[in-house]
Amino acid sequence: MKKTVPLVVGNWKLNPVTMSDASDLAQATARKHRKTSDAYVAIAPPATYLAEAGKKICKSTVSLAAQDVSVNNMGAHTGEVSIMQLRDLGVEFVIIGHSERRAAGETNEEVQKKTLIALKHRLVPIVCIGERERDDQGNFFTFIEKQLRSLGKVLTSAQIKKAVIAYEPIWAIGTGDTATADDVKEMQLFIESVLTKIYDRPTAKSVRLLYGGSVKPGNAAILHTEGGMKGFLVGGASLKVDDFAAIVKAVS
Ligand code: PGA
């Protein structure tokens, strides 16, 4: 993947309700992204729809992403999906540590393990970080730094360069309350400064950063041009084919 080309990932979360709707959504998304554009596009359907979505997008430029992965490769782990099973389905990206998973108890240690597993099996981990709320004293920067340092403890420079970091402030997810382009830019510079402290400047500059949190057709262009990140992780708007296509167009 060329680092200069933006990446837009649609996180479908626990949607849609039926296989037939998922199949239609994947097909319609694929139709909108038949030809190579100036952006990489991926969709992350629920695990049960990955195989079907994979069939629908195979003749398009859309890639397949998973919303999570187990820390285990096989064995007695009820309800989990392993990295090998994902890879078998043609999955190329895996979202790790989404705030909705962290809210369900996922720890920084699990995020570390899942990221290493993804890299070992040559999938691209999209590691989510983000603060619950912002305070005037700027304590949220310390929180973000902790999340990054936790990754820095286990990933070498070569490994972090292969990962994607998605900054998703929790207060902006699904709320319509988007971070401003200035907020995003400030966070891009902050994340790079932390990565520079942990690794070095070239490493920090080559990690792909995404923004996520209420990205819509109406704010995508400004967030992209002024926010300084290299793409988006899109939730709600990825379920609307035209909106998702408009967001992709805004970064292309
Ligand atoms: P949203 O979700 O675009 O609906 O805010 C983003 C995400 O959770 O990845």
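Analysis parameters
- Residues numbered from 1 in each chain as written.
- Predicted model: local features only at pLDDT ≥ 70, side-chain atom pairs only at ≥ 80, totals over all residues.
- Heavy atoms only, no water.
- Near = heavy atom within 4 Å.
- Polar contact = N/O pair within 3.5 Å; in protein donor to acceptor, adjacent residues only side chain to side chain.
- Areas by Shrake-Rupley, 256 points an atom, 1.4 Å probe, with all protein chains shown as cover.
- Nonpolar A, V, L, I, M, F, W, Y, C, P; charged D, E, K, R; others polar.
- Helix = DSSP H or I, 4+ residues; strand = E, 2+ residues; numbered from the N terminus.
- Pairing = 2+ DSSP bridges.
- Axes fitted to C-alpha atoms, helices over the stretch in contact; angles between N-to-C directions.
- Contact = heavy atoms within 4.5 Å.
- Buried < 20%, exposed > 50% of the residue type's maximum accessible area, 1.4 Å probe, protein only.
- Arc of directions from axis to C-beta.
- Phe/Tyr/Trp six-rings, centres within 6.5 Å; stacked < 30°, edge-to-face > 60°.

Peer 1: What exactly am I supposed to notice about the site of the ligand here?
Peer 2: Of all residues adjacent to the ligand, which total 13 residues, the nearest are K13, H98, E168, G174 and S214. Residue E168 places a side-chain N or O atom 2.7 Å away from an oxygen atom belonging to the ligand. Residue G174 places a main-chain N or O atom 2.6 Å away from an oxygen atom belonging to the ligand. Protein chains shield 97% of the accessible area of the ligand, which is 280 Å² for the free molecule. Along the lines of polarity and charge, the residues of the shell around the ligand split into 4 nonpolar, 7 polar and 2 charged.

Peer 1: Is there a simple way to explain unusual backbone geometry in this structure?
Peer 2: What you tend to see is this: most non-glycine residues have negative phi, and most peptide bonds are trans. Following N15, the chain continues into P16 via a peptide bond in cis, with omega recorded as -15 degrees. Mapping P16 onto the fold places it in the loop between β1 (7–11) and α1 (19–32). Positive phi outside glycine occurs at K13, with the angle close to 55 degrees. Within the element layout of this structure, K13 appears in the loop between β1 and α1. Of note in this structure, R122 is not a glycine but carries a positive phi near 65 degrees. Tracing the backbone shows R122 in the loop between α5 (108–120) and β5 (124–129).

Peer 1: Even after reading the chapter, I still don't get the sheet that holds strand β4 (residues 91–96), so can you show me in this structure?
Peer 2: Backbone-to-backbone hydrogen bonds join strands into a sheet, with any given pair of strands oriented parallel or antiparallel. Overall, parallel pairing links the 8 strands, which are arranged β1-β2-β3-β4-β5-β6-β7-β8 in a closed barrel. Strand-to-strand twist of the sheet, defined as the mean angle between neighbouring strand axes without regard to direction, takes the value 25 degrees. In terms of strand pairing, strand β2 (residues 40–44) meets strand β3 (residues 62–66) through 3 bridges, oriented parallel. Bridge pairing in β3 places A42 opposite S63. Across the sheet, helix α6 (residues 139–154) touches β5 and β6 (164–167), and the angle it forms with β5 is around 150 degrees.

Peer 1: I tried to follow helix α11 (residues 241–251) on my own but got confused; where do I start?
Peer 2: Because an α-helix completes one turn every 3.6 residues, residues spaced three or four positions apart along the sequence face the same direction. V241, F244, A245, I247, V248 and V251 are the residues of α11 that are buried. The arc that holds the buried residues of α11, viewed along the axis, is 155 degrees, so those residues lie on one side. Away from its buried face, by an angle of more than 90 degrees, α11 presents the exposed residues D242 and K249. Here the buried face of α11 lies against β1, α1, β2, α10 (217–227) and β8 (231–234).

Peer 1: Would you mind going over the packing of aromatic side chains with me for this structure?
Peer 2: When we look at a pair of aromatic rings, we describe it by the centre distance and by the angle of the planes. Enumeration over the complete set of coordinates arrives at 3 aromatic pairs. Taking the centre distance of 4.7 Å and the plane angle of 55 degrees together, the rings of F141 and F190 count as tilted. With F141 in helix α6 and F190 in helix α8 (residues 181–198), this pair connects stretches of sequence that are 49 residues apart. For the pair shown, F141 and F190 are each scored as buried. Linked through ring pairs, F140, F141 and F190 together constitute an aromatic cluster.

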